[in-house]
Amino acid sequence: MTASHATPPAASDRTPPNADHDWWRSAVVYQVYVRSFADANADGIGDLEGVRRRLPYLRDLGVDALWLTPFYTSPMVDGGYDVADYRDVDPLFGTLADFDAMIADAHALGLRIIVDLVPNHTSDRHPWFQAALTAGPGSAERERYLFADGRGEGGKLPPNDWESIFGGPAWTRLPDGQWYLHLFDPAQPDLNWRHPEVRAEFEDVLRFWLDRGVDGFRIDVAHGMIKAEGLPDVGFSTLTTGRRQVELLGKGRLPYFDQDEVHDIYRAWRPILDSYPGGRMAVAEAWAETPQRLARYIGPDELHQAFSFDFLDATWSAESFRKVIDTALAESAIVGAPTTWVLSNHDKQRHVTRYGDGPEGLRRARAATLLMLALPGSAYLYQGEELGLPEVLDLPDELRQDPAFRRTGESRDGCRVPIPWNGELPPYGFGPQGCDLSWLPAPATWGALSVAAQTGAPGSTLELYRDALRIRRAHPALAADAGDVTWLETGPGVLAFSRAAAGTVLTCVVNISGGPAPVDGYGDPLVASEPLTARDGGRLLPVDSAAWFERR
Ligand code: NOJ
Ligand code: CA
């Protein structure tokens, strides 16, 4: 399982955009959900060549890096988070040559590339799992996964009470009587990370993509790879209490998450990352009971960052945002690494819709973005948020593809609808001209939200993102480790903080108060999510909006 499918590109194509090893500390990373970004070959599915062709758009948007969701060989049961070959590109998305061409162009444009690594589980079509099925109980092949005999008469009950994150039991029984563990879909069997071959395999997979020039990895389910010895019961389940175990994610201890030995894995990975030039990094999708436990994933001998997910659950209130920011900054102080802010991703309802299902949702989302982009640390944007896309709530059930939908009735498809690029009719230039295919249908109302419609349009969300990212890139007070966040006294419902550097003070003000808020004394406005209004020689920040000011 260690042979490469193709020779990596020449060293000249693998050169990172610049020599800044700490680039990730303040980077704005744009998450590309490859399947829904841009379709180059007219089959209705986004692909790597589609990403390559749209790179100039992302350069002009002003982001520093792209995180690509999995594009590896996969039966696509979970949108590619079920990998059958970690060293190849699924034909749906292209070829390794397409990947090489894409990363070479990205680097030439000064954009870095982060790829998704899915180490907790493979696809059930992975050769290892197929071999385990054939070899049967007690075989060496089954040792690479978590097979176990059942409980009760004839072993007909699962080995323990663990639940799948996607709902239902985390165990599936095979015709030969044994059960196997899958914390997600039955098509995603969990690997046995106590097995040396599993460890060796993923160290080689890391090198495979590092050799191809990737600048970093987003580690899927980074807290999940090690399970408690003896696979002990959680002690409650949906069946016994009506409470799902997943409710403890990030709040309590579960025997299948955040086990101490998981850190051995990252301590083995870090020297591999460090052995490559140009600042190769890893960001963890990790959930832990406390900030202190989350902090253990980060540091000079483990991973570089762990997502701060608290914004995803914040409500539209000054108290809620203030709490999220203070908590995350305190966590960042514990870990000694900058925060990674996230307002939206491919697993959560888009923030436009979270903040209200009418025009107020968009207005608030734009304000939240200015808030996030003024904070220290890195920010992860999810494709389409720069267009102000809402969640698509009315997808027909038969088109929904999220495996969680059939198990829980909850579906993440509504944030995965293809991006509208141009034109009046769906799918709005998602594919080449004349192609009307898209794997999920875009709403009939999205023409006005397309990239073409918003480009150059004063006040558009796209132009707001461009302005904010341009200022963020250039302003000394918004640079990597510039200026601590200093909260300013304000009226109720108004958040204001400053960051200072190189003789200038940048102040971000967000108005959640329900009425216009005076913003005199903060200096000159640099960017605002809604036009400021005049009052008695001063200025007012409208309700549900945010602005940045500069004082020298
Ligand atoms: C987290 C990913 O973000 C999500 O999309 C996926 O379903 C699970 N991990 C399982 O890999
Ligand atoms: Ca395609």
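Each residue is numbered by its place in its chain's sequence as written, counting from 1. Whichever chain is written first is A, and whichever ligand is written first is 1; the rest continue in order. With the structure being a predicted model, the display of local features is reserved for residues of pLDDT at least 70 and the display and counting of side-chain atom pairs for 80 or more, all residues being used for whole-chain, interface and lining totals. Hydrogens and water molecules were not included; the side-chain quantities draw on all heavy atoms of the structure.

Draft legend 1. Broad picture of the coordination of the calcium ion (ligand 2). Shown as donors are all N, O and S atoms within 2.8 Å of a metal ion, widened to 3.2 Å for Na, K and Ca; because water is not in the atom set, sites may appear incomplete. The protein atoms donating to the calcium ion (ligand 2) are Asp-39 (OD), Asn-41 (OD1), Asp-43 (OD), Ile-45 (O) and Asp-47 (OD), with metal-donor distances spanning 2.2 to 2.4 Å. Every donor residue of the calcium ion (ligand 2) comes from the same chain, spaced as D-x1-N-x1-D-x1-I-x1-D. In this structure Ile-45 comes out as buried when scored by relative accessible area, which is 15%. A simple rule labels every residue: compare its accessible area, found with a 1.4 Å probe on the protein chains alone, to the largest value its type can have, and call it buried under 20%, exposed over 50%, or partly exposed in between.

Draft legend 2. Representation of the site of ligand 1 within the structure. In this text, near means that some heavy atom of the residue lies within 4 Å of the molecule or strand in question. Taken together, 13 residues surround ligand 1, and among them Asp-78, Asp-220, His-346, Asp-347 and Arg-412 come closest. Identification of polar contacts relies on pairs of N or O atoms within 3.5 Å, with a donor-acceptor requirement for protein atoms, meaning one able to donate a hydrogen and the other able to accept it, and with residues adjacent in sequence counted only if both atoms are side-chain atoms. Asp-347 is positioned such that a nitrogen or oxygen atom in its side chain is 2.5 Å from an oxygen atom of ligand 1. A distance of 3.0 Å separates an oxygen atom of ligand 1 from a polar atom in the side chain of Arg-412. For every accessible area listed, the method is Shrake-Rupley and the probe measures 1.4 Å; residues are considered covered only by the protein chains on display. Coverage of ligand 1 by the protein amounts to 97% of the 300 Å² it exposes when considered alone. Under the convention adopted here, Pro, Cys and the residues Ala, Val, Leu, Ile, Met, Phe, Trp and Tyr are nonpolar, Asp, Glu, Lys and Arg are charged, and Gly plus all remaining residues are polar. Here the residues of the shell around ligand 1 sort into 4 nonpolar, 2 polar and 7 charged.

Draft legend 3. Examining helix H12 (residues 359-373) more closely. With 15 residues, H12 ought to run about 21 Å at 1.5 Å a step, and its terminal C-alpha atoms sit 22 Å apart, in line with that. Elements are defined by DSSP. Helices are runs of H or I of four residues or more, strands are runs of E of two residues or more, and each kind is numbered from the N terminus. Burial analysis of H12 places 11 of its 15 residues in the buried class, which makes it a mostly covered element. Within the sequence span of H12, burial applies to Gly-361, Arg-364, Ala-365, Arg-366, Ala-367, Ala-368, Thr-369, Leu-370, Leu-371, Met-372 and Leu-373. How far a helix is expected to stretch is found by multiplying one less than its residue total by 1.5 Å.

Draft legend 4. Inspection of the packing of H12 against helix H15 (residues 461-474) at higher detail. Think of each axis as a best-fit line through the C-alpha atoms, taken over the contacting stretch in the case of a helix, with angles from 0 to 180 degrees between the N-to-C directions. One can describe the packing of H12 onto H15 by two numbers: an axis separation of 10 Å at closest approach and a directional angle of 10 degrees. Considered as vectors, H12 and H15 are oriented roughly parallel to each other. Side by side, H12 and H15 meet where Leu-362, Arg-366, Thr-369, Leu-370, Met-372 and Leu-373 of the first sit next to Thr-461, Leu-464, Tyr-465, Ala-468, Leu-469 and Arg-472 of the second. Its residues assigned to classes, the contact of H12 with H15 comprises 8 nonpolar, 2 polar and 2 charged. Here the angle decides the label: under 35 degrees means roughly parallel, over 145 means roughly antiparallel, 65 to 115 means roughly perpendicular, and every other value means oblique. Whether two residues are in contact is decided by their heavy atoms, any of which lying within 4.5 Å being enough.

These values are about where atoms sit, not about what they do.
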